Number of protein chains: 2
Amino acid sequence: MVGIKDVAALAGVSTATVSRALNGNGQVSERARLKVLEAAKHLDFVPSFSASSLASGRNRNVGVVVPSVNRWYFSQIVDSVAASLLDAGYDLTLYNLSEGAEHRDRVLSEFLLRQRCDGVISVSLQLSKTELGQLLAVGKPIVGIGGPLPGADTISVNEFSIAQLATEHLVGLGHRRIAYIGGPEDAAKDFNISEGRRRGYEVAMEQAGIKIVPSWLAYAPFTIAGGYASAKQMLGYPRNRPTAVFCASDEMAIGTIVAARELGLRVPDALSVIGIDGHDLGEVFGLTTIAQFPELQGAHAVERMLELLVDDDDADARTNHTAHTEMIIRSSTSAPTDQLHG
Amino acid sequence: MVGIKDVAALAGVSTATVSRALNGNGQVSERARLKVLEAAKHLDFVPSFSASSLASGRNRNVGVVVPSVNRWYFSQIVDSVAASLLDAGYDLTLYNLSEGAEHRDRVLSEFLLRQRCDGVISVSLQLSKTELGQLLAVGKPIVGIGGPLPGADTISVNEFSIAQLATEHLVGLGHRRIAYIGGPEDAAKDFNISEGRRRGYEVAMEQAGIKIVPSWLAYAPFTIAGGYASAKQMLGYPRNRPTAVFCASDEMAIGTIVAARELGLRVPDALSVIGIDGHDLGEVFGLTTIAQFPELQGAHAVERMLELLVDDDDADARTNHTAHTEMIIRSSTSAPTDQLHG
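- An unreviewed UniProt entry lists chain A under the name DNA-binding LacI/PurR family transcriptional regulator, from Arthrobacter pigmenti.

Written out as structure tokens, the structure is:
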């Protein structure tokens, strides 16, 4: 069997260089890397990953736990984390909890314990105390995106404060009948963003002295279809119809715009709509939004993970980083019609 | 250090049962599995994955190579493959090529060679001869979704035939001015679906005796924003305006509907639109489509992979499975107005 020494001999480099070149581990010149790859190819040498990781105690692999990859925010995070890990020479093992409780339990109680990962990046997971215990028991660095995740480093936006800001934008334009379409109550388990965003809306309304009518509150899945169905119900109801809607995600906001158009309500003349996310489609729909930047959040999470992998002694100094957001005003929000024409 | 024997002793089972229970490998009763997990937890036992895979020669890990996860079709495939692999006790290592040529090259020339995967599932990748050679050189079973992938098992829809069928649907309704919005020419490298779908359209038009006007052919990214921009250009042009558009993906078709509405063209009265995919949003937009079922394609790919992992001697008997598709007629297509009212 061809061994690493044979490759080193043919490439004219040390075995350590061969190891570094093939593992993407540590510094190696581009020229040496190419020589090693050529020699390895010539000799049909395939490095045994398991053997090399036993020796180093490192897998060069990070586990990423996500609710699913079929929502815009999650897919952006995964694309970004994958690219950053690849640049750093790490593999990404994807743990996708979309199939419900049993998968969730198996990932947290079994899969992560296999110790295949050097660390875990957890995306938008609200964990129970038991689950958090399971995750910490893996004994590896953890970075959470969309925290809080007690005991782990986290990167998240301030849900309360951006929701308050979005509502204030509508209040500032002169709206009083402002509705909120948020995440389903029972999804709070997975996505801990629903509560913070609803509270931000409620506080901004209270501060503006506006009493919220029950029909202005709706809950829907964080999707275009979810926002569409919810907005159809809300906007078709003839009493107390809102003149503005704040949606907890851009996908919901886009669904709301589509529903409004079908009901003959021009946006923004008859209805202002604001979302949260900074979705690619925002431009197509002229959507005002508070953009977060999942690609930056993903890159930041990987950066922090790599720091922790080098030195994780700093367990008491967990950082909670507030991710950057930015309000983008487009054409879906304006003053209400009576003020525009009054 | 706590070893597997200690866990076996405490759980009152054999070490083989402990191994099976912790690796998700082979048959083990639910009762035994729970006893083992409890004992392992009690003893703070963490199985060394590398050691166990050295012993078995298996990683229980499948690599999944995708262009990105932020398009509907890819995200559905990844969600489905992840769920099926988890059920089978396998990890999923995600290789995401979204960041362009350099990543693509590193994944194919280095990462897969690390031998961390027992097999590779490749999604919608059109590989050059060199790249295919690199992939086959990994020496592991390969299953391709959206083939062809010479030398590998593949699962794909018949691109030509579904595109022909979609075009025939519009011809059959009485349309003559039928446009096609397809994938960008240079994306053919990644997504080998563009050419087949365009040819299906061309052949159906030829068979109907219709000469294609150049302004009826447009190319766009396979996204809502891509379809929107392309359709705005095409439908705003005042001459030879089509009465029907066939789009190479549902996302493009949805963008086309949004563009048509903004231009005051009612769908389907002034414009019929048909897509391909079976996107979740199809119902919201009343979109007629040819549905493929990525969740079934993903599950099927994993099933085939598990068969190959048990017995890969059958290298000469590569199967090419044509995935199921289904035409779903909704409200976005109808006879052209002159026939409806004439």
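1. Side note on the overall build of chain A
No. 1: The helix and strand inventory of chain A stands at 13 helices and 12 strands.
No. 2: Within chain A, the fraction of its 342 residues that count as buried is 56%.
No. 3: Counted over contacts in chain A with a minimum sequence separation of 6, partners at least 24 positions apart contribute 73%.
No. 4: Roughly 13900 Å² of accessible area belongs to chain A as shown, and the carbon and sulfur atoms make up 51% of that amount.

2. Here's the deal with unusual backbone geometry
No. 1: With an omega of 5°, the peptide bond running from Val267 of chain A to Pro268 of chain A counts as cis.
No. 2: As for its position among the elements, Pro268 of chain A is in the loop between α11 (250-262) and β9 (272-277).
No. 3: Phi angles above zero are rare outside glycine, and Asp277 of chain A is one such case at about 150°.
No. 4: Within the secondary structure, Asp277 of chain A sits in strand β9.
No. 5: Despite not being glycine, Asn240 of chain B shows a phi value in the positive range, around 55°.
No. 6: Mapped onto the secondary structure, Asn240 of chain B falls in the loop between α10 (224-236) and β8 (244-247).
No. 7: A relative accessible area of 43% places Asn240 of chain B in the partly exposed class.

3. With respect to the nonpolar core
No. 1: Grouped together as the largest cluster of nonpolar side chains are 138 residues, with contacts concentrated most on Ile121, Ile181 and Phe246 of chain A together with Ile121, Ile181 and Phe246 of chain B.
No. 2: Apart from residues lying up to four places away in sequence, Ile181 of chain A is in contact with Ala218, Ala220, Gly227, Ser230, Ala231, Met234, Val245, Phe246, Cys247, Ala248, Met252 and Thr256 of chain A.

4. What to know about the packing of aromatic side chains
Aromatic ring pairs: the centre-centre distance and the angle between the two ring planes describe each pair.
No. 1: Using the criterion set out here, one finds six aromatic pairs over all chains in the structure.
No. 2: Look at Tyr180 of chain A and Phe246 of chain A: their rings are 5.3 Å apart centre to centre, the planes differ by 45°, and that puts the pair in the tilted class. Of this pair, Tyr180 of chain A sits in strand β6 (residues 178-182) while Phe246 of chain A sits in strand β8 (residues 244-247), and the two are 66 residues apart along the sequence.
No. 3: Using a relative accessible area of 0% as the deciding quantity, one classes Tyr180 of chain A as buried.
No. 4: Taken together, a centroid distance of 5.2 Å and an interplanar angle of 20° make the contact between Tyr180 of chain B and Tyr201 of chain B stacked.

5. As for the sheet that holds strand β6 (residues 178-182) of chain B
Residue and element names in this part refer to chain B.
No. 1: Reading across from one edge, β7-β6-β8-β9-β10-β12 is the order of the six strands in this open sheet, with mixed pairing throughout. One side of each edge strand has no neighbouring strand; the edge strands of this open sheet are β7 (217-219) and β12 (325-328). Across this sheet, the average inter-strand angle for adjacent strands is 15°, counted without regard to direction.
No. 2: Where β6 lies against β8, four bridges are found, and the strand directions are parallel. Considered in β8, the bridge of Tyr180 is made with Phe246.
No. 3: Here helix α8 (residues 159-172) sits on the sheet and contacts β6, β8, β9 (272-277), β10 (288-292) and β12; the angle it forms with β8, its principal contact strand, is near 165°.
No. 4: The strands that α10 touches are β6, β7 and β8; relative to β6, the one it contacts most, it runs at about 150°.

Definitions and cut-offs
Residues numbered from 1 in each chain as written. Chains lettered and ligands numbered in written order. Predicted model: local features only at pLDDT ≥ 70, side-chain atom pairs only at ≥ 80, totals over all residues. Heavy atoms only, no water. Helix = DSSP H or I, 4+ residues; strand = E, 2+ residues; numbered from the N terminus. Buried < 20%, exposed > 50% of the residue type's maximum accessible area, 1.4 Å probe, protein only. Contact = heavy atoms within 4.5 Å. Areas by Shrake-Rupley, 256 points an atom, 1.4 Å probe, with all protein chains shown as cover. Core = buried A, V, L, I, M, F, W, Y, C linked by side-chain atoms within 4.5 Å. Phe/Tyr/Trp six-rings, centres within 6.5 Å; stacked < 30°, edge-to-face > 60°. Pairing = 2+ DSSP bridges. Axes fitted to C-alpha atoms, helices over the stretch in contact; angles between N-to-C directions.

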